[in-house]
Amino acid sequence: MYYSTGNSHKKETSNMSITKYSEISHFNHPQHKLRFEYSEFPFKCDGCKEIGIGSRYKCSKICDYDLHMHCAIPSPSFFHPFYPKCSFQFLSLPPGETPRFCNACEKNVTGFLYHCFSCGFDLHPCCAKLPMALDDGEIKLYLYRKVSSPCHRCGQKGRSWSYRSKCKKYNLHVACVRDMIVESWHEVYVGRKMVVGSGIPSLKNSLMTTHNSKSKGKVRKCCEIAGFAVQIVVSAVLGDPTALIAGIAGSLMSRA
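The shown structure was predicted, so the numbers you read here are calculated from the model rather than taken from an experiment.

Student: What am I meant to see in the side chain of E23 here?
Tutor: Among the structural elements, E23 can be located in strand 4 (residues 23-25). Classification of E23 by relative accessible area gives buried; the value is 15%. Within the structure, E23 has its side chain in polar contact with the side chain of R35 (distance 3.3 Å).

Next comes the structure, spelled out in structure tokens:
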């Protein structure tokens, strides 16, 4: 496989080869093999520099080195339905000297990324691979580049990519989900404020509620559904859409 380095734009042979599904060699950590594992505790990816949870590849030795699944086994190039004229190339570093940001979540890009040299667009690996639809059996959400309805968390329209429910009542900016994760990062990392039994950051009370005209029962049900939506989207942004869905019923973040 060939990957472009961030500053030279030249192709280099990565020495990344999959020896077996549970263990790989990676160009960014050639001294030790990386083993596949599943952890309910958050980690910081040493590839894209963003946080993750669930499935990851971790150094088999004592190194504190972790990679998202999408960073451990990236695609040399790919096309995204939101940008049909773009060809995104995997880079180990952002190109050039100018600070760059992800076009999906609007956050800074400081590590692994996908870059389109023609248009200048950038995507975090996990943002690039966000599922176009999320469905846990209770609620179904679709990914949009832009929506006209306000975000359930910030109340604003536009901004970043969004997940919107099939019923169109719930809309969450990917950027807002990133903000929620970053705001809770410290408590999460030191083991506080965790959702019971899952190791996922508890983000309750982070959603806007405008239900003044509704009965208490309807308000509770609406917030519970919104909680489902947030959990599903958070898990996708963290790099593993299955991380929260398994334990979602018993740990709704929107409950008091």
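That covers the picture; the talk isn't over yet.
Student: Looking at this structure, how should I read the nonpolar core?
Tutor: Note that soluble globular proteins tend to have their nonpolar side chains buried in a common cluster. In terms of nonpolar packing, the biggest core is built from 54 residues, with L123, L130, W161 and Y163 touching the most fellow members. Top element by residues in this core is helix 4 (residues 216-237). It accounts for six residues. Other than its neighbours up to four places away in sequence, L130 contacts L143, W161, Y163, V174, A236 and V237.

Student: I tried to follow the sheet that holds strand 17 (residues 171-173) on my own but got confused; where do I start?
Tutor: Paired through their backbone hydrogen bonds, the strands of a sheet run either parallel or antiparallel. Pairing in this open sheet of four strands is antiparallel, and the strands run 14-15-16-17 from one edge to the other. Since the sheet does not close on itself, it has two edges, and those belong to strand 14 (133-135) and strand 17, each with one partner. Strand after strand, the sheet turns through a mean of 20° between neighbouring axes, direction not considered. Pairing of strand 16 (residues 162-165) with strand 17 involves three bridges; the strand directions are antiparallel. Along strand 17, the bridge assignment pairs S162 with H173.

Student: I would appreciate a short explanation of the pairing of strand 9 (residues 83-91) in the present structure.
Tutor: Bridge count between strand 8 (residues 77-80) and strand 9: three bridges; the pairing is antiparallel. Within strand 9, the residue paired with H80 across the bridge is Y83. Inspection of the sheet shows strand 9 paired to strand 12 (residues 113-115) by three bridges, in the antiparallel sense. Across the sheet, L91 pairs through a bridge with L113, a residue of strand 12.

Student: What is the right way to look at the packing of aromatic side chains in this model?
Tutor: Here the distance between the centres and the angle between the planes together describe a pair of aromatic rings. For the coordinates displayed, the defined rule picks out eleven aromatic pairs. Their ring planes at 80° and their centres at 6.3 Å tell us that F27 and F90 sit as a pair that is edge-to-face. Of this pair, F27 sits in the loop between strand 4 and strand 5 (34-44) while F90 sits in strand 9, placing them 63 residues apart in sequence. For the pair formed by F27 and F90, the shared burial category is buried. Aromatic side chains F78 and F88 sit 5.5 Å apart centroid to centroid with 25° between the ring planes, which places their arrangement in the stacked category. Of this pair, F78 sits in strand 8 while F88 is found in strand 9, placing the two residues ten residues apart along the sequence. Here the two residues F78 and F88 agree in accessibility, since each one is buried. By the ring-pair criterion, three or more aromatic residues cluster together here, those being F27, F78, F82, Y83, F88, F90, F112, Y114, F121 and W161. Here the basic side chain of K129 rests over the ring of F78, its NZ or CZ set 5.7 Å away from the ring centre.

Student: Looking at this structure, how should I read the UniProt feature "domain: DC1" (unreviewed entry) in the chain?
Tutor: In the UniProt entry, the feature "domain: DC1" (unreviewed entry) is given for residues 28-72 and 91-128. Structurally, residues 91-128 is divided into 11% helix and 26% strand, and its ends, taken at the C-alpha atoms, are 13 Å apart.

Student: Mind showing me how you'd approach the pattern of salt bridges here?
Tutor: Where charged atoms of side chains with opposite charge meet at close range, the side chains can pair. Here the structure, examined in full by the defined rule, presents five salt bridges. Here R56 and D66 are joined by a salt bridge, their closest N and O atoms 3.2 Å apart. Within this pair, whereas R56 is found in strand 6 (residues 51-59), its partner D66 is found in strand 7 (residues 66-68), the two being separated by ten residues in sequence. Residue classification places R56 among the buried residues on the basis of a relative accessible area of 9%. Residue D66 is joined to K58 by a salt bridge in which the shortest nitrogen-to-oxygen separation is 3.2 Å. Through salt bridges with shared partners, a single network forms among E37, R56, K58 and D66.

Student: Explanation requested: unusual backbone geometry in the structure shown.
Tutor: Trans peptide bonds make up the majority, and among non-glycine residues the majority have a negative phi. One non-glycine residue, K49, adopts positive backbone phi at about 70°. Relative to the assigned elements, K49 resides in the loop between strand 5 and strand 6. Notably, E106 is not glycine yet its phi reads approximately 70°, a positive angle. Take E106: it is sitting in the loop between strand 10 (100-101) and strand 11 (108-109).

About the criteria used
- Residues numbered from 1 in each chain as written.
- Predicted model: local features only at pLDDT ≥ 70, side-chain atom pairs only at ≥ 80, totals over all residues.
- Heavy atoms only, no water.
- Helix = DSSP H or I, 4+ residues; strand = E, 2+ residues; numbered from the N terminus.
- Buried < 20%, exposed > 50% of the residue type's maximum accessible area, 1.4 Å probe, protein only.
- Polar contact = N/O pair within 3.5 Å; in protein donor to acceptor, adjacent residues only side chain to side chain.
- Core = buried A, V, L, I, M, F, W, Y, C linked by side-chain atoms within 4.5 Å.
- Contact = heavy atoms within 4.5 Å.
- Pairing = 2+ DSSP bridges.
- Axes fitted to C-alpha atoms, helices over the stretch in contact; angles between N-to-C directions.
- Phe/Tyr/Trp six-rings, centres within 6.5 Å; stacked < 30°, edge-to-face > 60°.
- Lys NZ or Arg CZ within 6 Å of the ring centre and 35° of its normal.
- UniProt positions renumbered as here; feature names shortened; annotations may be inferred.
- Salt bridge = Lys/Arg side-chain N within 4 Å of Asp/Glu carboxyl O.

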